[in-house]
Amino acid sequence: MSAQRPPVSASLPARTSDFVGRERELEKITTLFLSSTRLITLIGSGGIGKTRLATEAAHRYHKARRAPIHWVRLARLPAGSDATAVEDELAHSIIDVDFSNRSSWDALIDTFTRTDGASRNLQTILVMDNCEHVLDGVGRVITGLLDAVPGLTVLATSREAIGWVDEQLVPVPALSREQALTLFRARAELTGHPIAGDDDAAVAGSICWHVHNHPLYIRLAAARLIRQPLPMILRDLSGEDSDRRLPGRARRCRADARRMRRRLHRGYTSRRKLADRSVGRSRTTRARRLRLGRRIAICPRSELQISQICITTSLDSASSSVNHSKKGCRSRWATRYSAHTYRFNR
Ligand SMILES: Nc1ncnc2c1ncn2[C@@H]1O[C@H](COP(=O)(O)OP(=O)(O)O)[C@@H](O)[C@H]1O
Ligand SMILES: [Mg+2]
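Everything numeric in this text was worked out from a predicted model, so none of it was measured. Just so you know, the residues in each chain are numbered from 1, in the order the chain's sequence is written. For naming, the first written chain is A and the first written ligand is 1, with later ones following in the order written. Since the coordinates come from a predicted model, pLDDT governs what is reported: local features require at least 70, and pairs of side-chain atoms require 80 or more to be given and counted, while whole-chain, interface and lining totals use all residues.

### Quick word on the nonpolar core
Counting 41 residues, the largest nonpolar core has Ala58, Val127, Met128, Val138 and Leu155 as its most contacted members. The dominant element in this core, judged by the number of residues it contributes, is helix 2 (residues 50-65), at five residues. The contacts of Met128, once residues within four sequence positions are left out, are Val72, Leu74, Val138, Val154 and Ala156. Residues enter a nonpolar core if they are buried, belong to Ala, Val, Leu, Ile, Met, Phe, Trp, Tyr or Cys, and are joined to the set through C-beta atoms within 7 Å. Comment: burial labels come from other C-beta atoms within 10 Å of the residue's own C-beta, placed from the backbone, where a count of 20 or more is buried, 12 or fewer is exposed, and between is partly exposed. Counting 20 residues, the second largest nonpolar core, distinct from the first, contains Val20, Ile207, Leu225 and Leu237. Helix and strand labels come from DSSP, where a helix needs a run of H or I of at least four residues and a strand needs a run of E of at least two; each type is numbered from the N terminus. A pair of residues counts as a contact when their C-beta atoms, built from backbone coordinates, are separated by no more than 7 Å.

The structure is reproduced here in structure tokens:
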């Protein structure tokens, strides 16, 4: 197939002007497109902005390099669909000519293969959006395509890695504080209730913080401005007993977590005084103090990542352990913060 005007898939989402941040990730994706990387996977939780990032990266690359972009949405496939279903979805989204006299696989290979006048392979980008629920099928199709089409680069979005041997993962984190506020401002503007003045900006910043600077949650929170003033949105997200995101059980867990935190604070302060009095400010004491740890266990099944706190403290001769657990938190993971972090964060 000869190289004519490079196409952009009709299903490639349109680029909109409200895209914020992600400069580092965009730079990384462009570098990977330009290198010999064959499979790039944007990985992150639901709503964190993988599809949005892939859209922006694809448009930018197409504009800069004129590489054809093909886009397939796999979200509508049932979970666990096999390679044949994925291949059919690809064929129906991408091939707009009649391929009844060929197999869909051959038609796909023909579509993705491009060469220049000297028969050198030219690059084609295939974006596969929402791979997480069909990883097995997607993995097989990608392996076959990458073997058959030397100029093909696949950009996948998924909550989990595809698992191909040379897969390049690009984690998609939450927005930075500034980016989150910028997004909130833009969304607030659309509701007709713009953020005006420093006080509003401070409240908006707190709202973003409470939703972990997560773009989808920021959009949802800003959309509430249509019927709620800013302080009320913040109050509803504050984690206090009035927090409406929390079901009753999680709300109780949250209250317990606050109690544990207070207990830790008291324990920490009194042990610090004790250690200062008895041993003095020797280097050993400081080193030991740094070992004072805090473990916060949170329940990953909860969207809000709020529920449980587990604290272990130890210092020299004195040690105490408070381990609080609650039924209903089926699995949990723990992050250990040093006492150093605790001192600066409290
Ligand atoms: N960088 C961004 N700038 C503006 N809006 C964003 C950004 N990232 C995500 N969003 C918005 O957040 C929501 C979720 O993003 P999306 O890309 O669909 O998440 P994912 O694909 O990870 O589930 C969308 O409404 C999207 O427009
Ligand atoms: Mg998505």
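Further notes follow.
### Examining the packing of helix 6 (residues 177-191) against helix 7 (residues 197-210)
Put simply, helix 6 and helix 7 touch, their axes get as near as 9 Å, and they point 110° apart. Our classification of the angle between helix 6 and helix 7 gives roughly perpendicular. In the packing of helix 6 onto helix 7, the handedness of the crossing is right-handed. Of the residues in helix 7, those in contact with Arg177, Ala180, Leu181, Phe184 and Arg185 of helix 6 are Ala201, Ala204, Gly205, Ile207 and Cys208. Here the residues of the contact of helix 6 with helix 7 sort into seven nonpolar, one polar and two charged. To define axes, lines are fitted to C-alpha atoms, for helices over the stretch in contact only, and angles between the resulting N-to-C directions are given on a 0 to 180 degree scale. Should an angle fall under 35 degrees it is called roughly parallel, over 145 degrees roughly antiparallel, and 65 to 115 degrees roughly perpendicular, with every other angle called oblique. Handedness of a helix crossing follows the sense of rotation of the near helix relative to the far helix, less than a right angle counterclockwise being left-handed and clockwise being right-handed. Note on residue classes: Ala, Val, Leu, Ile, Met, Phe, Trp, Tyr, Cys and Pro are nonpolar, Asp, Glu, Lys and Arg are charged, and everything else, Gly too, is polar.

### Focus: the pairing of strand 3 (residues 124-129)
With six of six residues buried, strand 3 lies mostly within the body of the structure. Side-chain alternation along strand 3 places Thr124, Leu126 and Met128 on one buried face and Ile125, Val127 and Asp129 on a second face that is also buried. Judged from the five bridges that link them, strand 2 (residues 69-73) and strand 3 form a sheet pairing that is parallel. Bridging across to strand 3, Arg73 finds its partner in Asp129. The crossover handedness rule: strands pointing away from the viewer, path from first strand over the helix to second strand clockwise, crossover right-handed. Between the parallel elements strand 3 and strand 4 (residues 152-158), the chain passes through helix 5 (residues 135-148) in a crossover that is right-handed. Two strands qualify as a pair provided that DSSP identifies no fewer than 2 bridges between them.

### Digging into the site of ligand 1
We call a residue near a molecule or strand if the C-beta atom, set from the backbone, is within 6 Å of it. Gly49, Lys50, Thr51, Arg52 and Pro215 are the nearest of the 18 residues found near ligand 1. Split into classes, the residues belonging to the shell around ligand 1 amount to six nonpolar, seven polar and five charged. Two domains each provide a minimum of three residues to the shell around ligand 1, namely domain 1 (23-171) and domain 2 (177-237). Domain limits in this description derive from either an automatic procedure or a database domain assignment.

### Things to note about unusual backbone geometry
Residues other than glycine predominantly adopt negative phi, and peptide bonds predominantly adopt the trans conformation. Located in the positive-phi region is His212, a residue other than glycine, with phi close to 60°. Positionally, His212 belongs in the loop between helix 7 and helix 8 (215-223). Overall, the presence of 15 C-beta atoms within 10 Å leaves His212 in the partly exposed class. With a phi angle near 55°, Asn213 is a residue other than glycine that sits in the positive phi range. Within the secondary structure, Asn213 is located in the loop between helix 7 and helix 8. The buried category is assigned to Asn213, around which 22 C-beta atoms lie within 10 Å.

### Brief notes about helix 9 (residues 230-237)
Every buried residue of helix 9 is listed here: Leu230, Ile233 and Leu237. Relative to the axis of helix 9, the buried residues are bounded by an arc of 65° and lie together on one face. Elements in contact with the buried residues of helix 9: helix 7 and helix 8. The directions considered for the arc are those from the helix axis to the C-beta atoms.

### Topic: the confidence of the model for the chain
Per-residue confidence for the chain gives a mean pLDDT of 77; residues scoring 70 or more make up 69%. pLDDT measures how confident the predictor is about each residue, on a scale from 0 to 100. Residue range residues 292-346 is modelled with pLDDT below 50. Its contacts to residues more than four positions away, or to other chains, number 104 contacts.

### Observations regarding the environment of Phe184
Within the element layout of this structure, Phe184 appears in helix 6. Residues Phe184 and Cys208, spaced 24 residues apart in sequence, show a C-alpha to C-alpha distance of 7.6 Å. The contacts of Phe184, once residues within four sequence positions are left out, are Ala204, Ile207, Cys208, Ile218 and Ala222.

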